[in-house]
Amino acid sequence: METKLKIAIQKSGRLYDDSIKILKECGIEFSNGLNKLKTEAQNFPLEVFFLRDDDIPQYVEDDVANIGIVGENVVVETNKEVKIIEKLGFGKCRLSIAVPKGMKFKSLTDLNGKRIATTYSTVLTKFLKKEKINAEIHEISGSVEIAPGIGLADAICDLVSSGSTLFMNGLKEVEVVMKSEAVLISNKNLSDAQNKLLDKLLFRINAVKKSKNNKYILLNAPNNKLNAICKILPGMKSPTILPLVEKGWSSVHSVVNENDFWEIIEKLKENGAQGILVVPIEKMIV
């Protein structure tokens, strides 16, 4: 019987689209799970389960699903026996404490004796204990941000992305409890065959991630500036340099990290680079 990996992803919610996207960018073909609990990939030994995000760590711990994509905040909150294998770079947010805009707040000690509404009571309890803050936690589900407005709490602890929801509800972010993003988790007792499949999947995921963080650059440069340009463009090991028909000029090819992109472009121009062409990288196989 063929060994397969079973992966759990959100059936709806903020991580659903990006979870589907990264698997398909890995070349894995499957249906999007509309009105389905699971589907099978056509070209990779993978079954995809569509679950509530809060349930994913439990399913992975119980080995109903071997691996899963879920927010790191959910992994910490549920405290299940799973391994975080890889941070995936999407779904970035923060779990933060917010208070009404009119409330005076200078430090965490202002929360002593206050009531804090949250869905993440486990994470918040650990944080307050570490910071030696004595506050009352109200665990609720649903629209946490309305709790101060209806007198249920003095503050909230909830996920924040842009902060627009806090703004619309008259709240201000005052303390980050933890930063989070989508992570790939796995059961702690995968078989050898399952680990081999996981390694193949991770290879594809890392190729996709690296392509998103890097750009392929081609440029023309005078030969007397090549040493300076090579120091600016280290590439994966070193830039590729090819002589041009025009005497005294070469074509230089390299890979640049997106975080350093604009600063590097300016330095290249200062050192005589011309005809700079930037090409997106679909996959980066290393």
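The structure reproduced in this document is the subject of the present report. All values reported here derive from a predicted model rather than from experimental measurement.

This next bit is on the sheet that holds strand S1 (residues 5-10). Taken in spatial order, the six strands line up as S2-S3-S1-S4-S11-S5 in an open sheet, and their pairing is mixed. In this open sheet, the two edge strands, each paired with only one partner strand, are strand S2 (38-40) and strand S5 (83-87). Each strand axis lies, on average, 25° off the axis of its neighbour in the sheet, ignoring direction. One ladder, built from four bridges, connects S5 with strand S11 (residues 182-186); its direction is antiparallel. Counterpart to lysine 87 in the pairing with S11 is valine 183. Relative to S5, helix H6 (residues 192-213) is tilted by about 30°, and along the sheet it contacts S1, strand S4 (67-71), S5 and S11.

Strand order in the open sheet made by the four strands is S13-S14-S12-S15, with antiparallel pairing throughout. The strands lining the two open edges of the sheet, one partner per strand, are strand S13 (240-243) and strand S15 (274-280). Recorded for the sheet is a direction-independent mean angle of 20° between the axes of neighbouring strands. Note: strand S12 (residues 214-222) against strand S14 (residues 249-257), nine bridges, orientation antiparallel. From the neighbouring strand, alanine 221 faces S14, where its bridge partner is serine 250. Of the strands in this sheet, S12 and S14 touch H6, which is tilted by about 50° from S12.

A large share of S14 lies buried, amounting to eight of its nine residues. Pairing between S13 and S14: four bridges, direction antiparallel. Each residue of the ladder has a partner; that of isoleucine 241, found in S14, is valine 252.

Turning our attention to the nonpolar core. Judged by nonpolar contacts, the single largest core of 29 residues is most densely connected at Ile7, Ile22, Ile28, Leu46, Ile69, Leu88 and Leu184. Where this core is concerned, the elements lending two or more residues are S1, helix H1 (16-25), strand S3 (46-51), S4, S11 and H6. The element contributing the most residues to this core is H6, with six residues. Once residues within four sequence positions are removed from consideration, isoleucine 69 is found in contact with Ile7, Ala8, Ile9, Gln10, Ser19, Ile22, Ile56, Leu88, Phe90, Ala182, Val183 and Leu184.

This brings us to the pattern of salt bridges. Counted by the stated rule, this structure contains 10 salt bridges. Ionic pairing is found between glutamate 40 and lysine 4, a salt bridge with its closest N-O pair at 2.5 Å. Of the two residues, glutamate 40 is situated in strand S2 and lysine 4 in the segment before S1; the sequence distance between them amounts to 36 residues. The shortest N-O distance in the salt bridge between arginine 52 and aspartate 54 comes to 3.6 Å. By relative accessible area, arginine 52 is classed as partly exposed at 42%. By relative accessible area, which is 36% here, aspartate 54 ends up partly exposed.

Before going further, it helps to examine the side chain of serine 186. Tracing the sequence through the fold places serine 186 in strand S11. With relative accessibility at 1%, the residue serine 186 sits in the buried group. The residues contacting serine 186, other than those within four sequence positions of it, are Val60, Asn66, Ile67, Val82, Lys83, Ile85 and Leu198.

Turning our eyes to something else, we now look at the packing of aromatic side chains. Here the structure, examined in full by the defined rule, presents one aromatic pair. Summarising the aromatic geometry, the rings of phenylalanine 261 and tryptophan 262 are spaced 4.9 Å apart at their centres and angled 80° between planes, so their arrangement reads as edge-to-face. The cationic tip of lysine 24 hangs over the ring face of phenylalanine 30; the distance from NZ or CZ to the ring centre is 5.3 Å.

So, about the side chain of serine 19. Its place among the elements puts serine 19 in helix H1. Non-local contacts of serine 19, meaning those with residues more than four positions away in its chain, are made with Ile9, Ile69 and Phe90.

Apart from glycine, the bulk of residues carry a negative phi angle, and the bulk of peptide bonds sit in the trans form. In this model, asparagine 79 sits at a positive phi of 55°, which is unusual for a non-glycine residue. Checked against the element boundaries, asparagine 79 lands in the loop between helix H3 (72-78) and S5. The backbone phi angle of lysine 132 is positive, close to 60°, even though this residue is not glycine. If you trace the backbone, lysine 132 turns up in the loop between helix H4 (121-131) and strand S8 (136-139). With a relative accessible area of 74%, lysine 132 lands in the exposed category.

The rules behind the values
- Residues numbered from 1 in each chain as written.
- Predicted model: local features only at pLDDT ≥ 70, side-chain atom pairs only at ≥ 80, totals over all residues.
- Heavy atoms only, no water.
- Pairing = 2+ DSSP bridges.
- Helix = DSSP H or I, 4+ residues; strand = E, 2+ residues; numbered from the N terminus.
- Axes fitted to C-alpha atoms, helices over the stretch in contact; angles between N-to-C directions.
- Contact = heavy atoms within 4.5 Å.
- Buried < 20%, exposed > 50% of the residue type's maximum accessible area, 1.4 Å probe, protein only.
- Core = buried A, V, L, I, M, F, W, Y, C linked by side-chain atoms within 4.5 Å.
- Salt bridge = Lys/Arg side-chain N within 4 Å of Asp/Glu carboxyl O.
- Phe/Tyr/Trp six-rings, centres within 6.5 Å; stacked < 30°, edge-to-face > 60°.
- Lys NZ or Arg CZ within 6 Å of the ring centre and 35° of its normal.

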